[in-house]
Amino acid sequence: VVYLNGWVALYQFLVSLPMVIPAAPLSDLAIEDIPKNMQNGMLCFLGQNSIVNFSSTVNSSTDLLTGSPKYCYDINDGRNPVCDDCSMGPIYVTVYLIFNIAYNICLVCILKYGDSNILWLSMTFMVPLCNFVFYMPSVPGHVQPKL
């Protein structure tokens, strides 16, 4: 089961790399900014903020590599600082990966020990379950149901 998921993940990774170039302009990202964007994403995965400005003293943090102070952008005279907060980044990504792997293993096990009808039935329960989860106030971007 894990072997199959590993090959699927490798295939998706190799196919997605060349697709970054046509996808970048669709996201208002210049093609020459792709490497820096990927580097900033990796730094955020390691817990390091990347949207910083050395001219402000709002919400200072420390650079993990050099130990020097780093500061967030300061807009509207310091009342609304804009900065990325990557302190929980490693936890969010790791929890997502664990649940994604567990979900994929469950799908393969349903097909292995059951049949396609059981898989189809279990997939139909996902839509109302997801609707229920996104109505919860603790989920970011939740929508209050209209009765």
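The rules behind the values
- Residues numbered from 1 in each chain as written.
- Predicted model: local features only at pLDDT ≥ 70, side-chain atom pairs only at ≥ 80, totals over all residues.
- Heavy atoms only, no water.
- Patch = residues over 30% accessible without salt bridge, like charges linked within 9 Å, V, L, I, M, F, W, Y side chains within 5 Å.
- Areas by Shrake-Rupley, 256 points an atom, 1.4 Å probe, with all protein chains shown as cover.
- Salt bridge = Lys/Arg side-chain N within 4 Å of Asp/Glu carboxyl O.
- Helix = DSSP H or I, 4+ residues; strand = E, 2+ residues; numbered from the N terminus.
- Disulfide = S-S within 2.5 Å.
- Buried < 20%, exposed > 50% of the residue type's maximum accessible area, 1.4 Å probe, protein only.
- Phe/Tyr/Trp six-rings, centres within 6.5 Å; stacked < 30°, edge-to-face > 60°.
- Polar contact = N/O pair within 3.5 Å; in protein donor to acceptor, adjacent residues only side chain to side chain.
- pLDDT = per-residue confidence, 0-100.
- Contact = heavy atoms within 4.5 Å.
- Axes fitted to C-alpha atoms, helices over the stretch in contact; angles between N-to-C directions.
- Nonpolar A, V, L, I, M, F, W, Y, C, P; charged D, E, K, R; others polar.

S.K.: Honestly, a nonpolar patch on the surface in this entry has me stumped. Any pointers?
M.R.: Residues Tyr3, Trp7, Leu10, Phe13, Leu14, Leu17 and Met38 make up a contiguous nonpolar surface patch of roughly 780 Å² in combined accessible area. If one sorts the elements of the nonpolar patch by residue count, helix H1 (residues 2-26) sits on top with six residues. Relative to the helices and strands, tryptophan 7 resides in helix H1.

S.K.: Explain the state of the cysteines to me, please; I cannot follow it from the model alone.
M.R.: Put plainly, two cysteines are in a disulfide when a covalent bond ties their sulfur atoms together. What the rule picks out here adds up to one disulfide. Across a sulfur-sulfur distance of 2.1 Å, cysteine 44 and cysteine 86 are joined as a disulfide pair. Sign of the S-S torsion, about -100° for the bond between cysteine 44 and cysteine 86, identifies this disulfide as left-handed. Of this pair, cysteine 44 sits in helix H2 (residues 34-45) while cysteine 86 sits in the loop between strand E4 (80-82) and helix H3 (89-113); the two residues are 42 residues apart in sequence, bridging distant segments of the chain. Residue cysteine 44 is classed as partly exposed on the basis of its relative accessible area, which comes to 25%. Left without a disulfide partner, cysteine 106 is nearest to the cysteine sulfur of cysteine 109, which lies 6.6 Å away. Exposure remark for cysteine 109: the relative accessible area of 27% places this residue in the partly exposed category.

S.K.: So what exactly am I meant to see when it comes to the packing of aromatic side chains here?
M.R.: The full count for this structure, using the stated rule, is one aromatic pair. When the ring of tyrosine 3 is compared with that of tryptophan 7, the centres are 6.2 Å apart and the planes differ by 80°; the resulting orientation is edge-to-face. With tyrosine 3 and tryptophan 7 both in helix H1 and four residues apart, the pair spans about one turn of that helix.

S.K.: Where do I start with the side chain of asparagine 49 in this structure?
M.R.: Along the chain, asparagine 49 falls in the loop between H2 and strand E1 (61-62). Within polar-contact distance, the side chain of asparagine 49 engages the backbone nitrogen of cysteine 86 at 2.8 Å.

S.K.: Help me understand unusual backbone geometry in this model?
M.R.: The phi angle at aspartate 28 is positive, at roughly 60°, despite the residue not being glycine. Its place among the elements puts aspartate 28 in the loop between H1 and H2.

S.K.: Hey, could you run me through the confidence of the model for the protein chain in this one?
M.R.: As a note on interpretation, predicted positions should not be read in detail where pLDDT is low. Averaged over every residue, the pLDDT of the protein chain is 78; the share at 70 or more is 74%. Predicted confidence for residues 56-60 stays below pLDDT 50, and this span has 14 contacts to residues more than four positions away or in other chains. For the stretch residues 73-77, pLDDT sits under 50, and the model shows 10 contacts to residues farther than four places along the chain or on other chains.

S.K.: Looking at this model, I keep getting lost on the packing of H3 against helix H4 (residues 116-124). Mind explaining?
M.R.: Packed helices, taken two at a time, are described by the angle between their axes plus the distance between the axes. The interhelical angle for the contact between H3 and H4, taken along N-to-C directions, is 145°, at an axis separation of 8 Å. Contacts from Tyr103, Leu107, Ile110 and Leu111 of H3 reach H4 at Ser116, Ile118, Leu119, Ser122 and Met123. Looking at the contact of H3 with H4, its residues break down into seven nonpolar, two polar and no charged.

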